[in-house]
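# Survey of secondary and tertiary structure
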Amino acid sequence: MKRKLTNNLLLKIISVIAAILLWGVVINIDNPTDTFIVNGIPIKVLNEKTAITDNNLTYELPEEKTVSVEVTARRQDRRKISAEDFAATIDLNEIYGATGSVEINIEVINNKNLIRTWTQITRSVRVDVESMQTKNFEIHVLPVGNLEETYTFSQSSVSPGNVRVTAPESVMSRIDHAGIEIDVSGATDSVQEIGKIKLYTDEESHDELDLSDPRVVLNITEAEVTLGVVKTNQISVDIQVTGQDAVADGCKYINYTCDPQTILVTGPRSQIADFAKLTIVEDLTGVNGNVTKVYEIQDYLPKGLEVADGQPETIEVTYQIDRLEQKSFYIVRNQIQLLGVSDQLEYRLGEEDGITVTLTGLSEDIERMQSKDISVILDVESYTEPGTYSSEPVVELPEEYRDYFKVTVGHVRVIVTRPESEESFSEESSFGESIPESSSAGGATDGETEDSGERETEREDSGTVSATVPADETETSLESSGEVGR
């Protein structure tokens, strides 16, 4: 029996197989297999120089530049397996142009005997490829802080004055200018220092571009800055107008507007202290409408003074010249007053029923006038004998309008008679009021009190009409002796 057991080959083979199976069962029960994810496998880029750099291109991978795999291994070996056991690569020569994607190749490089199986999770990655650009930017000086009062900046210089920037096209399109920030708080003299060059995306807000991107390269990172600081003085702009009374016929000078009204100038302190205003003289003779003129400030400054940096270089002045309009007012005889009457004589108007008074002025002023606002006075003091006289009326306007109008009125005929030679004196030919020598031009006698209401009614009823002025018409101008215009 013993011999049968020890010399039986088949039995030995069966025993070995059974032992192996039993050992496998024990291993599976005591150390089973697990499936788990291995993250953080870095992507290595191949052929970057030939595919990208040599073609003046650049590329950018997604922010997550790693991939993951799913691994099956014994539980006891799980802790021994990590991202370092795998290698992930992409070949930039194999970028698919339509989508910009490239296949990810993963292989096991360590602990191959511990990894039973593995599955690639991420199979491709998108690569953004774009052109590289190189551009020169002038370096601006950007003061930070405020100078001492009454000081300003003069000329500035930067050495070197330009910086050469190489960057991806998408980044380059965002760059507006290069600059160096200089602290000038409380400065009263020129500032000189070496500053760091920065790139900005906006001229007004000076938003700074992040230079941590290794693809953005500057040929220099610093430059020397000299910023001049000089004394200033604020002066007023004085516009002197001549010929305002000699503008074109039918026009009137009103006023002017000036922008700016003050400017800052720089120069030697002694010279600035003696210069208080900038004077511009303009002749408006013959001008027939509004006119705008631009003056170069520097042309009106004395030698040695200059316009401060940041100040306008020109002054714009608009001279307002308006067209005049005419309006005629018919003053009936009852509204005409006599000055210097004699008790020994009687006076009456000729065949005319009234007097036409023409006002020339701005339309807005003329529209405010009414015939009742106009007083007409005839001075008959010199008419001492009966006869027919040609008299020039005196026209009086309300005080607030006396400087606004040119007045035109014609001569009128005054017939003087003695009472005994004119027994029947027609009431229709008599004047509305007579002013004795002792009374004022606007006064009235006691005898006129009763019919004053009637005359006032007649004045209100009198309108404005056009009339033909007699050939001996003259003009009386009531123009301002001072500056024309309100």
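What counts and how
Residues numbered from 1 in each chain as written. Predicted model: local features only at pLDDT ≥ 70, side-chain atom pairs only at ≥ 80, totals over all residues. Heavy atoms only, no water. Helix = DSSP H or I, 4+ residues; strand = E, 2+ residues; numbered from the N terminus. Buried < 20%, exposed > 50% of the residue type's maximum accessible area, 1.4 Å probe, protein only. Areas by Shrake-Rupley, 256 points an atom, 1.4 Å probe, with all protein chains shown as cover. Pairing = 2+ DSSP bridges. Axes fitted to C-alpha atoms, helices over the stretch in contact; angles between N-to-C directions. Contact = heavy atoms within 4.5 Å. Phe/Tyr/Trp six-rings, centres within 6.5 Å; stacked < 30°, edge-to-face > 60°. pLDDT = per-residue confidence, 0-100. Core = buried A, V, L, I, M, F, W, Y, C linked by side-chain atoms within 4.5 Å. Patch = residues over 30% accessible without salt bridge, like charges linked within 9 Å, V, L, I, M, F, W, Y side chains within 5 Å. Salt bridge = Lys/Arg side-chain N within 4 Å of Asp/Glu carboxyl O.

Attention now moves to the overall build of the protein chain. If you tally the helices and strands in the protein chain, you get 7 helices and 33 strands. Within the protein chain, the proportion of its 486 residues that are buried is 36%. With an accessible surface of roughly 28900 Å², the protein chain has 45% of that area assigned to carbon and sulfur atoms.

With that out of the way, let us pick up the sheet that holds strand β28 (residues 387–391). The antiparallel open sheet is built from 3 strands, whose spatial order is β25-β31-β28. One side of each edge strand has no neighbouring strand; the edge strands of this open sheet are β25 (346–349) and β28. The mean angle between the axes of side-by-side strands here comes to 30°, regardless of whether they run parallel or antiparallel.

The next subject is the side chain of Asp-34. Here Asp-34 shows up in strand β1 (residues 33–46). By relative accessible area, which is 15% here, Asp-34 ends up buried. The contact partners of Asp-34, leaving out residues within four places of it in the chain, are Val-71, Thr-72, Ala-73, Arg-75 and Arg-78.

So, about the packing of aromatic side chains. Scanning all chains against the criterion turns up 6 aromatic pairs. Seen from their ring centres, Tyr-295 and Tyr-300 are 6.0 Å apart, and the 80° between their planes marks the pair as edge-to-face. Residues Tyr-383 and Tyr-389 carry aromatic rings whose centres are separated by 4.2 Å and whose planes lie at 10° to one another, so their mutual orientation is stacked. Of the residues examined, Tyr-383 reaches a relative accessible area of 9% and is grouped as buried. Residue Tyr-389 is classed as partly exposed on the basis of its relative accessible area of 22%. Through a chain of ring-to-ring contacts, the aromatic side chains of Tyr-401, Tyr-404 and Phe-405 assemble into a single cluster.

Here the focus is the environment of Glu-396. Secondary-structure assignment places Glu-396 in strand β29 (residues 394–396). Sequence spacing of Glu-396 and Ser-375 is 21 residues, and the spatial spacing of their C-alpha atoms is 5.0 Å. Dropping the residues within four chain positions of it, Glu-396 is found in contact with Asp-373, Ile-374, Ser-375 and Ile-377.

Here we take up the sheet that holds strand β22 (residues 314–323). On the basis of which strands lie adjacent, the open sheet formed by 3 strands has the order β17-β22-β20 and antiparallel pairing. Looking at which strands have only one partner, the edges of the open sheet turn out to be β17 (251–259) and β20 (291–296). Along the sheet, successive strands turn relative to each other by an average axial angle of 20°, direction set aside. Looking at chain direction, β17 and β22 are connected through 8 bridges and run antiparallel. Each residue of the ladder has a partner; that of Lys-252, found in β22, is Asp-322.

This part is about the confidence of the model for the protein chain. When pLDDT is averaged along the protein chain, the result is 81; 83% of the residues meet or exceed 70. This stretch, residues 421–430, has a pLDDT under 50; its non-local contacts, to residues over four places away or in other chains, come to 13 contacts. Taken as a whole, residues 433–486 scores under 50 in pLDDT and shows 99 contacts with residues more than four places along the chain or in a different chain.

Turning next to the nonpolar core. The tendency in soluble globular proteins is for nonpolar side chains to be buried as a group. Ranked by internal contacts, the top residues of the largest apolar core, which has 28 residues, are Val-357, Leu-359 and Ile-374. Contributing elements (two or more residues each) for this core: β23 (325–332), β24 (336–341), β25, β26 (354–361), β27 (375–379), β30 (406–409) and β31 (412–417). Ignoring any residue separated from it by four or fewer positions in sequence, one finds Ile-374 in contact with Phe-329, Ile-331, Gln-335, Val-357, Leu-359, Met-369, Val-395, Glu-396 and Leu-397.

Here we take up a nonpolar patch on the surface. On the surface, a cluster of nonpolar side chains totalling about 410 Å² of accessible area is made up of Leu-9, Ile-13, Ile-17 and Leu-21. Tracing the chain through its elements places Ile-17 in helix α2 (residues 9–30).

This brings us to the pattern of salt bridges. Enumeration according to the criterion identifies 14 salt bridges in this entry. Here Arg-215 and Asp-213 are joined by a salt bridge, their closest N and O atoms 3.2 Å apart. Taking the relative accessible area as the measure of exposure, Arg-215 reaches 15% and is therefore buried. Residue class for Asp-213 comes out partly exposed when judged on its relative accessible area of 21%. Here Glu-385 ties to Arg-418 by a salt bridge, and the two come within 3.1 Å at their closest N and O atoms.

A word on the side chain of Thr-89. With respect to the secondary-structure elements, Thr-89 resides in strand β4 (residues 86–91). Owing to a relative accessible area of 18%, Thr-89 belongs among the buried residues under this scheme. Discounting residues that sit within four places of it in the chain, Thr-89 has contacts with Lys-44, Leu-46, Glu-103, Ile-104 and Asn-105.

We now examine unusual backbone geometry. Cis rather than trans, the peptide bond between Ser-159 and Pro-160 has omega equal to -10°. Tracing the backbone shows Pro-160 in the loop between β10 (151–159) and β11 (162–168). The omega torsion of the bond from Asp-259 to Pro-260 falls at 0°, within 30 degrees of zero and hence cis. Of note in the backbone geometry, Asn-47 takes a positive phi value of approximately 60° without being a glycine. Tracing the backbone shows Asn-47 in the loop between β1 and α3 (48–51).

The subject of this paragraph is the pairing of strand β18 (residues 262–266). For strand β16 (residues 222–242) and β18, the ladder comprises 5 bridges, and the chain directions are antiparallel. Opposite Ile-235, over in β18, you have Ile-263 as the bridge partner. In the sheet, β18 pairs with strand β21 (residues 306–307) via 2 bridges, with the strands oriented antiparallel. Note that in β21 the partner of Val-265 across the bridge is Val-307.

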